[in-house]
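Observations on the three-dimensional arrangement
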Amino acid sequence: MSWTRSLLAALAVCVLLLTGSAGCGSGDARQQDADGVSPSPVGKVLDDTDAQGRHFREVGKGDAPEVGIEVQPDPDGGDRGWDVRLTVRNFRFSPAGAPARAVAGRGLAYLYVDDRLVARLRGPDHRLAAELVPRGTHQVTVRLYADDGTVWAVDDGPVESTADITASEAETALAPVPTSTASAAALSAPGTRFRTGGRGSPDRGGKAS
């Protein structure tokens, strides 16, 4: 009789071990969603994505990074390129080789021309080649990303800013008014928002809204 009780006890332990292992495996699987975005204590990963399928990571307004963009033609008129200058708040650029995880207020800036990705920036200054801006009016957009590839977002919209520029054969000039879209004064001005629920396009005067 005693050996029977011992056998039953051993079987019960085996069942518990197997069940526990299965449960651990299921828990690990839940640590990553179907799109491969690992959960993080920083913000909330939303279902919304950018055009490339990268999920938004929404944070509260008080903790949210901000970005502004200023684009000026080559002052020397040399290669007719464009000087891009970013102004950020509550944000630090991550160095190359940074771990691929979301850290509050850190990451990269992605630069787009007419919704086409042209550069990933780890600093506030960039030289935009003239061939990337053909003749006509274009939108240059900067958007902030965490190091894990998610998009920093506020109020369901990406943290970004956009400037309109116009390139011509005769000359390269901002259009229609050469006003900075993201000066330090603009970032601190009451009512100025660089976090938008949509594209974050500037008004007709070239100032981000």
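Residues numbered from 1 in each chain as written. Predicted model: local features only at pLDDT ≥ 70, side-chain atom pairs only at ≥ 80, totals over all residues. Heavy atoms only, no water.

Taken as a whole and judged by the stated rule, the model has eight salt bridges. As a salt-bridge pair, Arg 127 and Asp 83 come within 2.4 Å of each other at their nearest N and O atoms. A residue pair is termed long-range when its members are at least 10 positions apart, and Arg 127 in strand β8 (residues 125-128) and Asp 83 in strand β4 (residues 82-89) qualify at 44 residues. The exposure class assigned to Arg 127 is partly exposed, which follows from its relative accessible area of 34%. You can call Asp 83 partly exposed: its relative accessible area is 30%. For Arg 85, the salt bridge goes to Asp 125, with nearest N and O atoms at 2.6 Å. (Salt bridge = Lys/Arg side-chain N within 4 Å of Asp/Glu carboxyl O. Helix = DSSP H or I, 4+ residues; strand = E, 2+ residues; numbered from the N terminus. Buried < 20%, exposed > 50% of the residue type's maximum accessible area, 1.4 Å probe, protein only.)

So, on to the packing of aromatic side chains. Using the criterion set out here, one finds two aromatic pairs in the structure. Pairing Phe 91 with Phe 93 gives two aromatic rings, centres 5.4 Å apart and planes at 85°, and the pair type is edge-to-face. When the ring of Tyr 110 is compared with that of Tyr 145, the centres are 3.8 Å apart and the planes differ by 20°; the resulting orientation is stacked. Of this pair, Tyr 110 sits in strand β6 (residues 106-113) while Tyr 145 sits in strand β9 (residues 136-145); the two residues are 35 residues apart in sequence, bridging distant segments of the chain. Looking at Tyr 145, the relative accessible area reads 0%, which means it is buried. Above the ring of Tyr 110, the side-chain terminus of Arg 120 is found at 5.1 Å from the ring centroid. Geometry around Tyr 112 places Arg 143 over its ring, the cationic atom sitting 4.7 Å from the centre. (Phe/Tyr/Trp six-rings, centres within 6.5 Å; stacked < 30°, edge-to-face > 60°. Lys NZ or Arg CZ within 6 Å of the ring centre and 35° of its normal.)

This paragraph deals with the pairing of strand β1 (residues 44-49). Pairing between β1 and strand β2 (residues 55-58): three bridges, direction antiparallel. By the bridge assignment, Thr 49 is partnered in β2 with His 55. Connecting β1 to the antiparallel partner β2 that follows it, the hairpin turn spans five residues, and Gly 53 within it adopts a positive phi of roughly 85°. (Pairing = 2+ DSSP bridges.)

Per-residue confidence for the chain averages 73 on the pLDDT scale, and 60% of its residues sit at or above 70. Contacts of residues 11-36 to residues separated by more than four positions or lying in other chains number six contacts, the stretch itself having pLDDT below 50. This model gives residues 170-209 a pLDDT under 50, and the stretch forms 91 contacts once residues within four places in sequence are excluded. (pLDDT = per-residue confidence, 0-100. Contact = heavy atoms within 4.5 Å.)

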